[in-house]
Structure formats: C-alpha cells, structure tokens
Amino acid sequence: MKRAQSGITLVGFIIVLGVAGVFIYMGMKVIPMYTEYYAVKQSLEGIAKEPGVVDETPARIKDMFFRRMNINYSENVKPADIKVVRKDAGYLITVDYEVRKPLIANLDVVGNFSTEKELRRGGAGY
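Residues numbered from 1 in each chain as written. Predicted model: local features only at pLDDT ≥ 70, side-chain atom pairs only at ≥ 80, totals over all residues. Heavy atoms only, no water.

A. Region of the structure containing a nonpolar patch on the surface. A contiguous nonpolar patch, built from Val11, Ile15, Val19, Val22, Phe23, Ile24, Tyr25, Met26, Met28, Ile104 and Leu107 and spanning about 1100 Å² of accessible area, is present on the exposed surface. Sorting elements by how many residues they give to the nonpolar patch places helix H1 (residues 10–48) first, with 9 residues. Its place among the elements puts Met28 in helix H1. The exposure class assigned to Met28 is exposed, which follows from its relative accessible area of 56%. (Patch = residues over 30% accessible without salt bridge, like charges linked within 9 Å, V, L, I, M, F, W, Y side chains within 5 Å. Areas by Shrake-Rupley, 256 points an atom, 1.4 Å probe, with all protein chains shown as cover. Salt bridge = Lys/Arg side-chain N within 4 Å of Asp/Glu carboxyl O. Helix = DSSP H or I, 4+ residues; strand = E, 2+ residues; numbered from the N terminus. Buried < 20%, exposed > 50% of the residue type's maximum accessible area, 1.4 Å probe, protein only.)

Below you can see the structure in the form of structure tokens.
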C-alpha cells in the first residue's frame, strides 16, 4: 500500500516566509504614511468646524492647522505644502505633499497625498 505524502518542504516554507516578510515590512512603511494623511484630513475637518474661522487671516488658518498637526506628531507636512486661498465668502485650504521612505537598498516607497477643504460661514465647512 502506497502512502502519498502531502505538505510543504522546508525550502518552500522558507520562500513563503520570505515573501510574507517582505509584504509585512512594506506594510510597516506604508501604514504610518496613511495614518498621517488621515490626521491631515481630521485637522482640516476640525478647522472647518471652528466658529468664525472664515474671519481669520490665511496666516492664522495655517497656524491653526499646524498646531493641530503638532498634536498628531506629524512631520512630513511642511508650510510650503499648504495653500489657503479666498473662495467666495470663505477659504479653500489645499494640502499637497509627498512622503518618501526607504524600503530596501535603493528602493523607496513614495506616497503623494492631496486633500482640500472648503471653509464657509457658519463653521460647518460643507
């Protein structure tokens, strides 16, 4: 009676483990980039809900934004990446930035993030 063996060899297991390790390592580089992006979006939402924000100057709005970003320990958004322009009776805030993290040897993970929020009277921001 013949018995058929089934399963994975040691070499196959090491290859699968290596591939899984690379994907986990990539996730460790990419996930903080996206959590920072969502912190940027939350900061813009918070500013939009501030009462009287449309009566502030663009410099004061930028200051409010960066104070919120300091609370989130964000370090990739620079003052040159944020633009505050007058639109109708309010402002349009645009945040456009790039994050570059080294991956393996000379390979990098690059994330280009862009979001905008319109500030209107009443603090609703919608």
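Still more to cover.
B. How the structure looks around the UniProt feature "transmembrane region" (unreviewed entry) in the protein. In this numbering, the UniProt entry assigns the feature "transmembrane region" (unreviewed entry) to residues 7–28. A distance of 30 Å separates the end C-alpha atoms of residues 7–28, which is 86% helix and 0% strand. (UniProt positions renumbered as here; feature names shortened; annotations may be inferred.)

C. Highlighting helix H2 (residues 58–71). Between its first and last C-alpha, H2 extends 20 Å over 14 residues, near the 20 Å set by a 1.5 Å rise per residue. Check the buried side of H2 and you find it contacts H1, strand E1 (82–87), strand E2 (90–104) and strand E3 (107–119). Once H2 ends, the next one or two residues include Tyr73, with phi positive near 55°. (Expected span 1.5 Å × (residues − 1). Contact = heavy atoms within 4.5 Å.)

D. View of H1. Relative to the 57 Å expected for 39 residues at 1.5 Å per residue, H1 spans 57 Å between its end C-alpha atoms, a close match to the ideal helical length. Helix geometry: H1 is bent most strongly at Met28, by close to 25°, with proline Pro32 lying one to four residues after it. Packed against the buried residues of H1 are H2, E2 and E3. (Bend = angle between axes of the 7 residues up to and from the residue.)

E. Examining the side chain of Glu36 more closely. Along the chain, the position of Glu36 falls in helix H1. Buried charge Glu36 goes without a salt bridge, the closest partner of opposite sign being Lys101 at 6.8 Å. Not counting residues within four places of it along the chain, the set of residues in contact with Glu36 comprises Ser74, Glu75, Asn76, Val77, Tyr97 and Val99. (Lys, Arg positive; Asp, Glu negative; His and termini not counted.)

F. Seen up close, the nonpolar core. Ranked by size, the top nonpolar core spans 25 residues in total, and within it Phe65, Ile93, Val95 and Leu119 carry the most contacts. Elements supplying a minimum of two residues to this core: H1, H2, E1, E2 and E3. Sequence-distant contacts of Phe65, that is, excluding residues within four places in its chain, are made with Val40, Ser43, Leu44, Ile47, Val77, Ile82 and Val95. (Core = buried A, V, L, I, M, F, W, Y, C linked by side-chain atoms within 4.5 Å.)

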